[in-house]
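Analysis of the macromolecular model
Listed here are the chains, written in short residue letters.
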Amino acid sequence: PIQDQSSMLFSGTLITRGSGTAVVVRTGPSTQMGRIQSTLSEAQLETEERKTPLGEQLDEFGTTLSYVIGGICLAVWLASIPRFGDSVFDSWIEGAIYYAKVGV
């Protein structure tokens, strides 16, 4: 345990006077800071996996809204099919693309 370690420097230790020699005994995730970071990461993953009831309802609403908007865009495009060949457009394809843009 960290309490039993004596004469140890940890990451972020500031020396104000004197001199000394140090030996690195651990790096990265093996250090005390690395252990803290991995614990925080695990806790964050557990929190992200659980959704609140409001979060679930918002996801469901977003999905439904996407389908409704997509349906409206498709309906506008389908209702415009008779106008694809108007003289304003050079081709039927150009009219289809134009009304697809209008639908969106």
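Before any of the text, the structure's been laid out above.
Residues numbered from 1 in each chain as written. Predicted model: local features only at pLDDT ≥ 70, side-chain atom pairs only at ≥ 80, totals over all residues. Heavy atoms only, no water.

Helix and strand counts for the protein come out as 3 helices and 0 strands. A compact globule built from 104 residues should have a C-alpha radius of gyration of about 13 Å, whereas the protein, at 32 Å, is more than 25% larger. Across the 104 residues that make up the protein, the buried fraction comes to 9%. Intrachain contacts of the protein at a sequence separation of at least 6 include 13% that bridge at least 24 residues. Of the roughly 9200 Å² that the protein leaves accessible, carbon and sulfur atoms contribute 60%. (Helix = DSSP H or I, 4+ residues; strand = E, 2+ residues; numbered from the N terminus. Rg over C-alpha atoms; globule rule 2.2 N^0.38 Å. Buried < 20%, exposed > 50% of the residue type's maximum accessible area, 1.4 Å probe, protein only. Contact = heavy atoms within 4.5 Å. Areas by Shrake-Rupley, 256 points an atom, 1.4 Å probe, with all protein chains shown as cover.)

The next thing to look at is the packing of aromatic side chains. Under the counting rule described, the total for this entry stands at 6 aromatic pairs. Seen in terms of ring centroids, Phe-84 and Tyr-99 are 6.1 Å apart; in terms of plane orientation they differ by 20°. Their pairing is stacked. Within this pair, whereas Phe-84 is found in the loop between helix 2 (53-79) and helix 3 (92-103), its partner Tyr-99 is found in helix 3, the two being separated by 15 residues in sequence. Exposure class is identical for Phe-84 and Tyr-99. Each is buried. Between Phe-89 and Tyr-99, the aromatic rings sit 5.8 Å apart at their centres with planes inclined by 75°, giving edge-to-face as the arrangement. Taken together, the residues span a long stretch of sequence, with Phe-89 in the loop between helix 2 and helix 3 and Tyr-99 in helix 3 at a distance of 10 residues. (Phe/Tyr/Trp six-rings, centres within 6.5 Å; stacked < 30°, edge-to-face > 60°.)

So, on to the layout of surface pockets. Considered as a void within the structure, the largest pocket measures approximately 450 Å³ in volume. If you trace the largest pocket, you find 18 residues lining it, with Met-8, Leu-9, Phe-10, Ser-11 and Val-25 closest to the centre. Class assignment of the residues belonging to the lining of the largest pocket gives a composition of 8 nonpolar, 9 polar and 1 charged. (1 Å grid on protein atoms, 1.4 Å probe; cavity = no way out; pocket = protein on both sides within 12 Å on 5 of 7 lines; lining within 4 Å. Points joined across faces, edges and corners; volume = space filled by probe spheres on them. Nonpolar A, V, L, I, M, F, W, Y, C, P; charged D, E, K, R; others polar.)

Right, let's get into a negative patch on the surface. On the surface, Glu-42, Glu-46, Glu-48 and Glu-49 cluster together into a patch of negative charge. Within the element layout of this structure, Glu-48 appears in helix 1 (residues 32-49). Exposure remark for Glu-48: the relative accessible area of 52% places this residue in the exposed category. (Patch = residues over 30% accessible without salt bridge, like charges linked within 9 Å, V, L, I, M, F, W, Y side chains within 5 Å. Salt bridge = Lys/Arg side-chain N within 4 Å of Asp/Glu carboxyl O. Lys, Arg positive; Asp, Glu negative; His and termini not counted. Charge placed at Lys NZ, Arg CZ, Asp CG, Glu CD.)

Another aspect to go through is the environment of Gly-12. Mapping Gly-12 onto the fold places it in the segment before helix 1. Look at Gly-12 and you get exposed, because its relative accessible area is 75%. In the structure, Gly-12 is positioned 21 residues away from Met-33 in sequence and 9.8 Å away in space, judged by C-alpha atoms.

Take it as geometry only, folks, not as evidence of what the structure does.
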